[in-house]
Amino acid sequence: KFAGYQEPVKSKDHLLFFNGVRFFEACPLLSVDSPSADKYKMERFLPNGQPTMASMYAPITFDPVPVVVLKGGEESAHLVASGSGRGADPDRVVLKRVVLTGFPTKVHRNKATVRHMFYCPEDVKYYKPLELWTKYGRRGRIREPLGTHGLMKCAFDGVIQQKDTICTSLYKRVFPRWPEGFRFA
C-alpha cells in the first residue's frame, strides 16, 4: 500500500490497474501472501506495510510485470498501491474464516450444555466432527444434540466456566467479483 494513501481499501473494491501494457478495471480479492502455504486467508482490508496478494479476473500477462493500482475515476485517480504481477494461477485457494459462537447454559466440570450456536439438531449432527474452542483457551468436542432447538452436549479438556464463550471456526472458499462492464478486447 502506498504510504501517502490514508483511506481504507476494502477487498472486492472497484480499482484501476495499469501494468505497463494494459489499463483495466478489476475487483480484486485481497489475501495473505505466504510462499509456503497452499491455502490463503482472505484479508478484508489492504494492510499497511505488509505484502498482500490481489486475486482478480483480468487479462493474462506474463510475469514479471510492474503493476500500479489506482482508485477513483479516470480524471481523479489516486495511487493506492504498487507492486509486481505474478503468473496466472486458477488453482489458488482463498478462504474466509467465519466464527460461530454459543453460550453454556449448564456447566459441570468439563461438560457443558451449549445453546445459540445452532438452531436445529440436524445442524448439530452435521457439525459434530468440528473442534470447539473457548475464549479462555479450552478445547472440546460436540458429544450429542439435545432437544429440538439446537442445544448440544459438549466435552472439554478441562474445567469450563459459566461466563465462557464457546466458538468454532468454519472456512469458506471465496472468489473475486466480476467487475461490471468488463470485457476482453
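Refer to the preceding data block for the structure.
Source: prediction; values computed, not measured. (Residues numbered from 1 in each chain as written. Predicted model: local features only at pLDDT ≥ 70, side-chain atom pairs only at ≥ 80, totals over all residues. Heavy atoms only, no water.)

A.B. asks: Is there a simple way to think about the sheet that holds strand S7 (residues 78-85) in this case?
C.D. replies: In any sheet, the strands associate via hydrogen bonds between backbone groups, in a parallel or an antiparallel arrangement. If you trace the 4 strands from one edge of the open sheet to the other, you get S2-S1-S6-S7, paired in antiparallel fashion. The open sheet terminates on both sides in strands that have one partner only, identified here as strand S2 (23-26) and S7. With direction set aside, neighbouring strand axes in the sheet form an average angle of 25°. Two strands pair when backbone bridges link them, and strand S6 (residues 65-71) and S7 are joined in this way by 7 bridges, in the antiparallel orientation. (Pairing = 2+ DSSP bridges. Helix = DSSP H or I, 4+ residues; strand = E, 2+ residues; numbered from the N terminus. Axes fitted to C-alpha atoms, helices over the stretch in contact; angles between N-to-C directions.)

A.B. asks: How should I be thinking about the environment of Ala26 in this particular structure?
C.D. replies: Residue placement: Ala26 occurs in strand S2. A residue is classified by how much of its surface remains accessible, and Ala26, at 0% relative accessible area, is buried. In this structure the C-alpha to C-alpha distance between Ala26 and Gln50, which are 24 residues apart in sequence, comes to 21 Å. Discounting residues that sit within four places of it in the chain, Ala26 has contacts with Asp13, His14, Leu15, Phe17, Met56, Tyr57 and Pro179. (Buried < 20%, exposed > 50% of the residue type's maximum accessible area, 1.4 Å probe, protein only. Contact = heavy atoms within 4.5 Å.)

A.B. asks: How should I be thinking about the packing of aromatic side chains in this particular structure?
C.D. replies: Between two aromatic rings, the relevant description is the distance of the centres plus the angle of the planes. Here the structure, examined in full by the defined rule, presents 5 aromatic pairs. Judged by centre distance (5.6 Å) and plane angle (10°), the ring pair of Phe17 and Phe24 falls under stacked. The class for Phe17 is buried, based on a relative accessible area of 4%. Ring geometry for Phe118 against Tyr127: centres 5.3 Å apart, planes inclined by 5°, an arrangement best described as stacked. (Phe/Tyr/Trp six-rings, centres within 6.5 Å; stacked < 30°, edge-to-face > 60°.)

A.B. asks: Looking at this structure, how should I read the pairing of strand S8 (residues 93-108)?
C.D. replies: Remark: a regular strand shows side chains that alternate across the two faces of the sheet. Of the pairings in the sheet, the one linking strand S4 (residues 39-41) to S8 comprises 3 bridges and is parallel in character. If you follow Tyr40 over to S8, its bridge partner there is Val94. Here 8 bridges tie S8 to strand S13 (residues 166-173), and the two strands are oriented antiparallel to one another. Bridge pairing in S13 places Lys96 opposite Lys172.

By themselves, these are just geometric observations and shouldn't be taken as functional.
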